[in-house]
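Fold and geometry: a report
Listed below, chain by chain, are the residues.
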Amino acid sequence: MDTVDHLMPFVSSAIDAYGVSVLAKTRELAADTAVARGARILQRVFGRGDAASRQVIETVAGAKPDDEPSRAALKLAIMEAFRADPHLAGEVAAMLPRTADGMIVTGDNAPVL
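Let me begin by describing the structure that accompanies this report. (Residues numbered from 1 in each chain as written. Predicted model: local features only at pLDDT ≥ 70, side-chain atom pairs only at ≥ 80, totals over all residues. Heavy atoms only, no water.)

As a further point, take the pattern of salt bridges. All chains considered together, the criterion is met by three salt bridges. We note a salt bridge from Arg71 to Asp16, for which the minimum N-O separation is 2.9 Å. With Arg71 in helix 4 (residues 68-84) and Asp16 in helix 1 (residues 2-18), this pair connects stretches of sequence that are 55 residues apart. On the accessibility criterion, Arg71 (8% relative accessible area) is buried. Among the salt bridges present, the one from Glu91 reaches Arg44, with a minimum N-O distance of 2.4 Å. Of this pair, Glu91 sits in helix 5 (residues 86-93) while Arg44 sits in helix 2 (residues 34-46); the two residues are 47 residues apart in sequence, bridging distant segments of the chain. A residue is classified by how much of its surface remains accessible, and Glu91, at 36% relative accessible area, is partly exposed. For Arg44, a relative accessible area of 34% translates into the label partly exposed. (Salt bridge = Lys/Arg side-chain N within 4 Å of Asp/Glu carboxyl O. Helix = DSSP H or I, 4+ residues; strand = E, 2+ residues; numbered from the N terminus. Buried < 20%, exposed > 50% of the residue type's maximum accessible area, 1.4 Å probe, protein only.)

Written out as structure tokens, the structure is:
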């Protein structure tokens, strides 16, 4: 659950920036930005997207930034993916940025204490 909480700012930023095409982005993903990191995380979790994951991303993309039910549905879909593939959570956690002392950096660049 902690990993999902930490990655939500990144995946939300990516969906806000790219909308439903977030799973198809490639060139932009080389950048080391929160949006690019979020897109890479979404691609790792959902691949190119089955119908259910695309629907969740479409809902978030079409929602207002403060639409908590949409963000909660995305969070639930990610948690379900982690339950289905126990190694996935560790792989995605490794994709999160860290400070020199190993603390995870959140989407707003604040270290998680």
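Let's shift gears to the packing of helix 2 against helix 4. In a packed pair of helices, the relevant descriptors are the angle between the two axes and the axis-to-axis distance. Two numbers describe how helix 2 lies on helix 4: the axes approach to 10 Å, and their chain directions differ by 50°. It follows that helix 2 is oblique to helix 4 by the angle criterion. Helix-helix and strand crossings are classified by hand; for helix 2 and helix 4 the assignment is left-handed. Across from Leu42, Val45 and Phe46 in helix 2, the residues of helix 4 making contact are Leu74, Ala77, Ile78, Ala81 and Phe82. Among the residues making up the contact of helix 2 with helix 4, the classes are represented as eight nonpolar, no polar and no charged. (Axes fitted to C-alpha atoms, helices over the stretch in contact; angles between N-to-C directions. Parallel < 35°, antiparallel > 145°, perpendicular 65-115°, else oblique. Left-handed = near helix turned anticlockwise from the far one by under 90°. Contact = heavy atoms within 4.5 Å. Nonpolar A, V, L, I, M, F, W, Y, C, P; charged D, E, K, R; others polar.)

Glancing now at the environment of Lys75. Tracing the backbone shows Lys75 in helix 4. What makes Lys75 partly exposed here is its relative accessible area of 21%. Taking the C-alpha atoms as reference points, Lys75 and Asp5, 70 residues apart in sequence, are found 7.9 Å from one another.

Okay, helix 4 next. Residues three or four positions apart in an α-helix share a direction because the helix packs 3.6 residues into each turn. For helix 4, spanning 17 residues, the distance from its first C-alpha to its last is 24 Å, which sits close to the expected 24 Å at 1.5 Å a residue. Here helix 4 has its buried residues at Ser70, Arg71, Leu74, Ala77, Ile78, Ala81 and Phe82. Buried residues of helix 4, seen end-on, are gathered within an arc of 140° and therefore sit on one face of the element. With respect to the buried face of helix 4, the exposed residues turned more than 90 degrees away are Glu68, Pro69, Arg83 and Ala84. Where the residues of helix 4 are buried, they touch helix 1, helix 2, helix 3 (51-62) and helix 5. (Expected span 1.5 Å × (residues − 1). Arc of directions from axis to C-beta.)

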